[in-house]
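# Structural overview
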Amino acid sequence: DFDVEVISGEEEARRTFLGVVAGLNNKNGSLLIMDIGGGSTEFIVSKNAVVLDSISTGLGVVKLTEEFVKSDPVTDRELEGLRNAIEKEIKGLKDSLNSASEATFVGTAGTITTLAAIDQNLTLYNPLCINNYILKKKSVDRIFDNLKSMTIEERLNIPALEKGREDLIIAGTAIVLSVMEEFGFREMTVCDYGLREGIVIDLYYKIFNL
């Protein structure tokens, strides 16, 4: 007896934005927010906590993994196909997101918070260690090099890697690297807040007519 609301990619991006800015220490200035999901990835450009633009793409980690990652461990040919598909989408995206390369890069959702946890060698996930953590591109490069040479079973032995992400983390990390390379970002601010928090905040605004 629940009512189900199906939302567009743009509406998902709006609610994600509400959650992310609630968790950021620095909401001001220009931000490029990336939310990597299973079926899509959303990009949001904001300035001083106001959304200027949002784009939803088909770059989902589940979709990309099913299409490109067939072997265990992943082969160089599979990685090449994966990276080419992502880069093709990102290059077109760059033309649409004006001045995004000058913004602070912010990432949210499971792939990105997992990378932050791996970078800190966390044995238990701790939101206080993840939220507003600065993840360097050189760290993402190092993590990707390690992950792609491992089997799925070997990845399961990484304490910070949540069970269920051991296969998807390759595609997710490839998205992060492609975006950082295309826009020239050397680091990313990681936000533990995201869509779930944004849904609650959106409901709060509606209930109290804010």
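Below: a short report on this structure. (Residues numbered from 1 in each chain as written. Predicted model: local features only at pLDDT ≥ 70, side-chain atom pairs only at ≥ 80, totals over all residues. Heavy atoms only, no water.)

## Some remarks on the overall build of the protein
- When helices and strands are counted, the protein shows 9 helices and 6 strands.
- By the compact-globule yardstick of 17 Å for 210 residues, the protein fits well, its C-alpha radius of gyration being 17 Å.
- Across its three principal axes, the protein shows a C-alpha extent of roughly 50 × 40 × 35 Å.
- A burial count over the protein gives 46% of its 210 residues as buried.
- Across the protein, the fraction of contacts at a sequence separation of at least 24, relative to all contacts at a separation of at least 6, is 69%.
- Per element, the accessible surface of the protein, about 10,900 Å² overall, is 49% carbon and sulfur.
- Each charge class in the protein can be summarised by its mean position, and for the 22 positive and 33 negative side chains these summaries are 5 Å apart. (Helix = DSSP H or I, 4+ residues; strand = E, 2+ residues; numbered from the N terminus. Rg over C-alpha atoms; globule rule 2.2 N^0.38 Å. Buried < 20%, exposed > 50% of the residue type's maximum accessible area, 1.4 Å probe, protein only. Contact = heavy atoms within 4.5 Å. Areas by Shrake-Rupley, 256 points an atom, 1.4 Å probe, with all protein chains shown as cover. Lys, Arg positive; Asp, Glu negative; His and termini not counted. Charge placed at Lys NZ, Arg CZ, Asp CG, Glu CD.)

## Some remarks on the pairing of strand β6 (residues 187–191)
- Of all 5 residues making up β6, 4 are buried, and the element is well covered by its neighbours.
- Sheet topology note: the strand β4 (residues 104–108)/β6 ladder contains 3 bridges and is parallel. Across the sheet, residue T108 finds its bridge partner in β6, namely C191.
- Inspection of the sheet shows strand β5 (residues 133–136) paired to β6 by 4 bridges, in the antiparallel sense. By the bridge assignment, L135 is partnered in β6 with M188. (Pairing = 2+ DSSP bridges.)

## A few points about the packing of aromatic side chains
- Counted according to the given criterion, the structure contains 4 aromatic pairs.
- Each member of the aromatic cluster is reached from another via a ring pair, and the members are F105, F183 and F185. (Phe/Tyr/Trp six-rings, centres within 6.5 Å; stacked < 30°, edge-to-face > 60°.)

## Some remarks on the packing of helix α2 (residues 61–68) against helix α8 (residues 169–183)
- Between α2 and α8, whose axes approach to 8 Å, the crossing angle comes to 110 degrees. Here α2 is positioned roughly perpendicular relative to α8, judged by the angle of their axes. Judged by the twist between their axes, the crossing of α2 over α8 is right-handed. Touching V61, L64 and T65 of α2 are A171, G172 and I175, all from α8. (Axes fitted to C-alpha atoms, helices over the stretch in contact; angles between N-to-C directions. Parallel < 35°, antiparallel > 145°, perpendicular 65-115°, else oblique. Left-handed = near helix turned anticlockwise from the far one by under 90°.)

## Structural notes on the sheet that holds strand β1 (residues 30–36)
- Taken in spatial order, the 6 strands line up as β3-β2-β1-β4-β6-β5 in an open sheet, and their pairing is mixed. Each edge of the sheet is formed by a strand with only one pairing partner; in this case those strands are β3 (50–57) and β5. Taken pair by pair, the neighbouring strands of this sheet meet at an average axis angle of 25 degrees, ignoring direction.
- Taken together, the 7 bridges between β1 and strand β2 (residues 41–47) define a ladder with antiparallel strand orientation.

## So, helix α6 (residues 137–148)
- Here α6 is 12 residues long and its end C-alpha atoms lie 16 Å apart, about the 16 Å a rise of 1.5 Å per residue gives.
- Buried within α6 are the following residues: K137, S139, V140, I143, F144 and L147. Taken around the axis of α6, the buried residues stretch over an arc of 150 degrees, which confines them to a single face.
- Contacts from the buried residues of α6 go to α3 (76–96), α4 (110–119), β5, α7 (152–155), α8 and β6. (Expected span 1.5 Å × (residues − 1). Arc of directions from axis to C-beta.)

## As for the environment of S40
- Looking at the element boundaries, S40 is found in the loop between β1 and β2.
- Counting along the chain gives 40 residues from S40 to E80, while the straight-line C-alpha distance between them is 20 Å.
- What S40 contacts, discounting residues up to four positions off in sequence, is E12, D35, S56, T57, G58, L59 and G60.
- There is a polar contact of 2.9 Å between the side chain of S40 and the side chain of E42. (Polar contact = N/O pair within 3.5 Å; in protein donor to acceptor, adjacent residues only side chain to side chain.)

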